[in-house]
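Coordinate inspection notes
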Amino acid sequence: MITLIIDGKYVEVPEGATVLEAAREADIYIPTLCDDPRLEPFGACRLCLVQIKGMPRPVTACTTPAREGMEVTTTNDEIERIRRTIVELLLSDHPNDCMVCEKAGDCTLQELAYFYGLRENRFWGERRQYSKKDNNPFIERDMEKCVLCGKCVRVCEEVQGVSAIDFAYRGFRTIVAPAFEKDLNCEFCGQCVSVCPTGALVGKLSLGKGRQKDIKRVDTICPYCGCGCNITLHVSRNEIIRVTSSPDTLNEGWLCVKGRFGFKFVNHPDRLKRPLIRKNGRFEEVCWDEALDYVAERLKEIKERYGPDAIAGLSSARCTNEENYLFQKFMRAAVGTNNVDHCARY
Amino acid sequence: MTNSIQEIEDNDLIFVIGSNTKENHPIVALRMIKAVRRGARLIVADPRRVPLVRFAHLWLQHRPGTDVALLNSMMHVILKEELYDKEFIVMMTEGFNEEFRTNLEEYPPEVGEKITGVPKEKIVQAARMYATAEKAGIYYTMGITQHSHGSDNVFSIANLALMTGNLGKASAGVNPLRGQNNVQGSTDMGCSPNMYPGYQRVDIPAVREKFERLWGVRLSDRIGLTASEMTFEAEAGRLKAMYIMGENPVLSDPDVGHTVKALKALDFLVVQDIFMTETAELADVVLPGACFAEKDGTFTNTERRVQRVRRAVSPPGEAREDSWIIAELSKRMGYEMTYNTIEEVFQEIGMAWPAMAGMTYSRLERGGLQWPCPTTDHPGTRYLFKGGFPRGKARFTVVKYRPPAEEPDEEYPFVLTTGRMLFQYHTGTMTRRVPPIEVVAGEPYVEIHPDDALALGIKEGQKVKVVSRRGEVVVRARVTSRPDRGVVFIPFHYREAAANVLTSSLNLDPLCKIPELKVASVRLEPIE
């Protein structure tokens, strides 16, 4: 363990920790756009600049390893002036259309502008124009809102191992793009969407469905494979409009295409809405009492005539533990047979 | 899993066999990639060049159904080169005897190569890599189990882990990855014909009496039918009625024709689901259930972690939670199920099975708990068999290689293997109703090696008739070197070209009755 001093506070961190990690450990806020604890340090946004005693110029906290006895200043007039200027420069090449932006309320750039009270901008000039629409069905990519933090590029390479996107061109013309600027064609895990600090990357399914206000967030578990990923359903007007996942979960906030974008079946018009009984070869809608009475009556009849082992039940790996418990209890205690199984073999 | 997902990061060696992890357990695969980035070695054994192969140090492309030969051959090398863990074997196991060792004698790498098609050098290399690693984890899925000798495959995996002492410690173990959100939970909860909740056998009188007291009713001592046996009994007319909740056996079970015939032969079929599935279409009564987002409860994931499921939206129309439907039916059958809240059911599970007795909803609030968790102050169990095995010593099993039940011949020269792909899920009931998924993966296909395609005159995207002894489907060809020559792959998600029209329901594993969905013989005919 090493000890350093940040803003006059003694902080103890393990060897190899960065100054940024040490500051977070001590609950000291340093603004960042390009940092994600789950990714390698990158040093692109320059917002985490701090002053370290003995160093001639401010350095990025995210890429500077903490050293024994280091004295760090995370905020003073000079540092805040630099940070403010960085944000101003970013905003000078940004559409600033927060009133129609999907990300409003959950946007780091917007937060920073608010924090620094940036209404006017000292800088003006040419702005990047990028009119190309990406026709992939999952992810809306608006390169005019991109701040080139590189999180999407890095998550795609470091975490997902796909490298579907990278930086293209140089300087002012730099954008993040799939190879040859074609439409995105990847695993569509949406990891890039989840780490994007601005509105440059958003899920197409959520567009126009509602912003942060009035959204109910419910933590639950993904209904697909057995990984058991923790997901948060964003609900607006009894409809799931978006799925996210928190980084402090067993899946570290990462999801796959099904977990992140595969929720549209929930309110699909094909959903069964009323009990059905086959009458003269055709299904007819009936009320619950009629359906349940009929099922119980037929099962009792078959049980009396052929014995309980003439009845079998298949339970569901999609249903909850509680429902599976009740299902086998029903087959064993109410019907009287051990003929109960589920799809573990398929 | 005997280990936890998080422990994968600390594996020194990861041995993935019969699992397309990157597509079918994407988040587990991310941990594997993370481990590889940290320096772990990765061996992938799969008949297809699955996406995880990109990250592997060694890929063993064995022929479908030859896993036992591959594993025995690896163990042969480990035995010959004395790379096994002598201390672990003496202290923790039994059955590492003359018979076991003599059996391995029959599988030198040359024989292994002949049966599996994997070059003998690679078999030797894999054996050394696995046996010399400090913490080696094996990960497998249906590529191991869905065979007429699936149990043998699993025994072989257990032998390999036991021989090298890779069990009962952190980041080293035997890890089946479960394919469905709560398939672990369904098994835990006793949805099995021979077991009550918590793997307690129905044919042991003391166990039965315990459940008779808990449920206040006399219970049957006869072991019930497995899902595959139900189909045969229904077809034979001995099974008269079925109640199917949230399953779609018509598409997921082998030999669709056989399944449909069996379900039609029933006097009475009740299906409870969220959509009109292929199975529900055959029902006498269809009951509308609620989906995951519309109810409270728990799911248990592949690492035995019980986690809270929470209601976010209300079910459509008059659809009701499945628990309500079951309880209402039970009452009408003369057996009252009275619970005020769903948590009361959870509490009863704890009474039935000590391994979950220490869990409450409030303890599950954040992050869940891994069973066994016997008391309310128990932190849950990250990995199993720490310090010993429930049966005392773990046992080696002598396993001989048996070829798949159906092998290619002149009439059906290709091996068909089936499985899932990244975008779709199982029988597609859910994912096929997600429009963007249908845009990128809306059509069924057959993967065929370029050499085979050339020989048959099949071009990329061309329609092909795939014929087996059970039936035929028409799909587009995807010409790719993903499968080896002589092997073709069809995903089973698509009702319009259901892969399970082609598979066989007759070739069951004798022990656990799993069907051989991973190997069937087919021929391909290009359609002009």
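Residues numbered from 1 in each chain as written. Chains lettered and ligands numbered in written order. Predicted model: local features only at pLDDT ≥ 70, side-chain atom pairs only at ≥ 80, totals over all residues. Heavy atoms only, no water.

1. Some remarks on the overall build of chain B
- Within chain B, the secondary structure is distributed over 19 helices and 21 strands.
- Rg of the C-alpha trace for chain B: 24 Å, near the compact-globule value of 24 Å for 528 residues, within the 12% margin.
- With respect to the three principal axes, the spread of C-alpha positions in chain B is 65 × 65 × 45 Å.
- Taking all 528 residues of chain B together, 65% fall into the buried category.
- When the accessible surface of chain B is split by element, carbon and sulfur atoms take 51% of a total near 18,700 Å².
- Between the mean site of the 64 positive side-chain charges and the mean site of the 68 negative ones, chain B shows a separation of 3 Å. (Helix = DSSP H or I, 4+ residues; strand = E, 2+ residues; numbered from the N terminus. Rg over C-alpha atoms; globule rule 2.2 N^0.38 Å. Buried < 20%, exposed > 50% of the residue type's maximum accessible area, 1.4 Å probe, protein only. Areas by Shrake-Rupley, 256 points an atom, 1.4 Å probe, with all protein chains shown as cover. Lys, Arg positive; Asp, Glu negative; His and termini not counted. Charge placed at Lys NZ, Arg CZ, Asp CG, Glu CD.)

2. Focus on the overall build of chain A
- Looking only at helices and strands, one finds 8 helices and 16 strands in chain A.
- Relative to its length of 346 residues, chain A is extended, with a C-alpha radius of gyration of 28 Å against a globular reference of 20 Å.
- In terms of its C-alpha atoms, chain A occupies a principal-axis envelope of roughly 95 × 50 × 35 Å.
- Taken across its 346 residues, chain A has 60% of its residues classed as buried.
- When contacts within chain A are restricted to residue pairs at least 6 apart in sequence, long-range pairs at least 24 apart make up 57% of them.
- Side chains of chain A carry 49 positive and 50 negative charges; the gap between the two charge centres is 5 Å. (Contact = heavy atoms within 4.5 Å.)

3. Some remarks on the domain arrangement of chain B
- Each assigned domain of chain B is listed with its residue range as follows: domain 1 (6–177), domain 2 (183–370) and domain 3 (414–526).
- Using only C-alpha atoms to locate each centre, domain 1 of chain B and domain 2 of chain B end up separated by 34 Å. (Domains from an automatic or database assignment.)

4. Topic: the sheet that holds strand S2 (residues 9–13) of chain A
All names here are of chain A.
- Here 5 strands make up an open sheet; going across it, the order is S2-S1-S5-S3-S4 and the pairing mixed. The open sheet has two edge strands with one neighbour each: S2 and strand S4 (59–60).
- Of the strand pairs in this sheet, strand S1 (residues 2–6) and S2 are connected by 5 bridges, and their pairing is antiparallel. For Ile5, the partnering residue across the bridge sits in S2 and is Tyr10.
- Where helix H2 (residues 77–92) meets the sheet, its contacts fall on strand S3 (49–52) and strand S5 (71–73), and the angle it forms with S3 comes to roughly 155°. (Pairing = 2+ DSSP bridges. Axes fitted to C-alpha atoms, helices over the stretch in contact; angles between N-to-C directions.)

5. Considering the nonpolar core
- In terms of nonpolar packing, the biggest core is built from 90 residues, with Ile139, Leu233, Ile240 and Phe265 of chain A together with Phe292 of chain B touching the most fellow members.
- Among the elements that line this core, the one with the most residues is helix H2 (residues 26–37) of chain B, at 8 residues.
- When near neighbours in sequence (up to four residues on either side) are disregarded, Ile139 of chain A contacts Leu184, Phe188, Gly190, Cys192, Val193, Leu201, Val202, Lys204 and Phe261 of chain A.
- Val295 of chain A together with Ile325, Leu329 and Val345 of chain B belong to the second-largest nonpolar core, a separate cluster that totals 58 residues. (Core = buried A, V, L, I, M, F, W, Y, C linked by side-chain atoms within 4.5 Å.)

6. Some thoughts on the packing of aromatic side chains
- This model, assessed by the stated rule, comprises 27 aromatic pairs over all chains.
- An angle of 55° between the planes, with centres 6.3 Å apart, marks the rings of Phe188 of chain A and Phe423 of chain B as tilted. Here Phe188 of chain A is found in the loop between strand S8 (175–178) and helix H5 (191–195), whereas its partner Phe423 of chain B is found in the loop between strand S16 (414–419) and helix H18 (435–441) on a different chain.
- For Phe188 of chain A, a relative accessible area of 2% translates into the label buried.
- Phe423 of chain B sits in the buried class, given a relative accessible area of 11%.
- Seen in terms of ring centroids, Phe96 of chain B and Phe100 of chain B are 5.6 Å apart; in terms of plane orientation they differ by 45°. Their pairing is tilted. In terms of burial, Phe96 of chain B and Phe100 of chain B fall into one category: buried.
- Each residue in the set Phe138, Phe188 and Phe261 of chain A together with Phe423 of chain B is aromatic and connected to the rest through ring pairs, giving one cluster.
- For Arg278 of chain A, the ring lying beneath its charged end belongs to Phe283 of chain A, and the centroid distance is 4.4 Å.
- Positioned above the aromatic ring of Trp324 of chain B, the side-chain terminus of Arg320 of chain B is 3.9 Å from the ring centre. (Phe/Tyr/Trp six-rings, centres within 6.5 Å; stacked < 30°, edge-to-face > 60°. Lys NZ or Arg CZ within 6 Å of the ring centre and 35° of its normal.)

7. Regarding the interface of chain B and chain A
- Each side of the interface is counted separately: chain B has 151 residues, and chain A has 109 residues.
- In total, chain B and chain A occlude about 11,400 Å² of area from one another, counting both sides; carbon and sulfur atoms represent 63% of this.
- Three residues, Phe292, Arg332 and Met333 of chain B, lead the burial of chain B against chain A; their summed loss comes to 7% of the area buried on that side.
- Joining chain B to chain A, the criterion identifies 13 salt bridges.
- Inspection of the chain B/chain A interface yields 70 residue pairs in polar contact (both at pLDDT 80 or more).
- The element best represented in the side of chain B that touches chain A is helix H15 (residues 322–332) of chain B, accounting for 9 residues.
- In terms of residue class, the side of chain B that touches chain A is made up of 83 nonpolar, 33 polar and 35 charged.
- One ladder, built from 4 bridges, connects strand S15 (residues 311–314) of chain A with strand S9 (residues 241–245) of chain B; its direction is parallel. When the bridges of S9 of chain B are listed, Leu314 of chain A appears paired with Ile244 of chain B. (Buried area = accessible area lost by both parts, 1.4 Å probe. Salt bridge = Lys/Arg side-chain N within 4 Å of Asp/Glu carboxyl O. Polar contact = N/O pair within 3.5 Å; in protein donor to acceptor, adjacent residues only side chain to side chain. Nonpolar A, V, L, I, M, F, W, Y, C, P; charged D, E, K, R; others polar.)

8. Quick notes on helix H5 (residues 98–105) of chain B
Residue and element names in this part refer to chain B.
- For H5, the complete set of buried residues consists of Phe100, Asn103 and Leu104. Down the axis of H5, the smallest arc covering the buried residues is 100°, so these residues share one side. Away from its buried face, by an angle of more than 90 degrees, H5 presents the exposed residues Glu98 and Glu99. (Arc of directions from axis to C-beta.)

9. Section: the pairing of strand S21 (residues 520–526) of chain B
Residue and element names in this part refer to chain B.
- Alignment of S16 against S21, held across 3 bridges, turns out to be antiparallel. Residue pairing for S21: Phe414 is matched across the bridge by Val522.
- Across 4 bridges, the pairing between strand S18 (residues 463–467) and S21 is antiparallel. Each residue of the ladder has a partner; that of Val464, found in S21, is Pro526.

10. Topic: the sheet that holds strand S10 (residues 216–221) of chain A
Residue and element names in this part refer to chain A.
- Taken in spatial order, the 3 strands of this open sheet run S10-S11-S12, and their pairing is antiparallel. The sheet is open, and its two edges are formed by S10 and strand S12 (239–244), each paired on a single side. This sheet shows a mean twist of 35° between the axes of neighbouring strands, independent of strand direction.
- Sheet analysis places S10 next to strand S11 (residues 230–236), joined by 6 bridges and oriented antiparallel. Opposite Thr220, over in S11, you have Ile231 as the bridge partner.

11. Some details on the pattern of salt bridges
- Applying the stated rule across the entire model yields 74 salt bridges over all chains.
- In this structure, Lys34 of chain B and Glu9 of chain B form a salt bridge, with 3.0 Å as the shortest nitrogen-oxygen distance. Of the two residues, Lys34 of chain B is situated in helix H2 and Glu9 of chain B in the segment before strand S1 (13–17); the sequence distance between them amounts to 25 residues.
- A relative accessible area of 27% means that Lys34 of chain B is categorised as partly exposed.
- For the salt bridge of Asp409 of chain B with Arg469 of chain B, the shortest nitrogen-to-oxygen distance reads 2.5 Å. Taken together, the residues span a long stretch of sequence, with Asp409 of chain B in the loop between strand S15 (394–395) and S16 and Arg469 of chain B in the loop between S18 and strand S19 (472–479) at a distance of 60 residues.
- Accessibility expressed as a relative area gives 30% for Asp409 of chain B, which makes it partly exposed.
- Using a relative accessible area of 42% as the deciding quantity, one classes Arg469 of chain B as partly exposed.
- One connected set of salt bridges, linked through shared partners, spans Glu252 of chain A together with Glu9, Asp10, Arg31, Lys34 and Arg38 of chain B.

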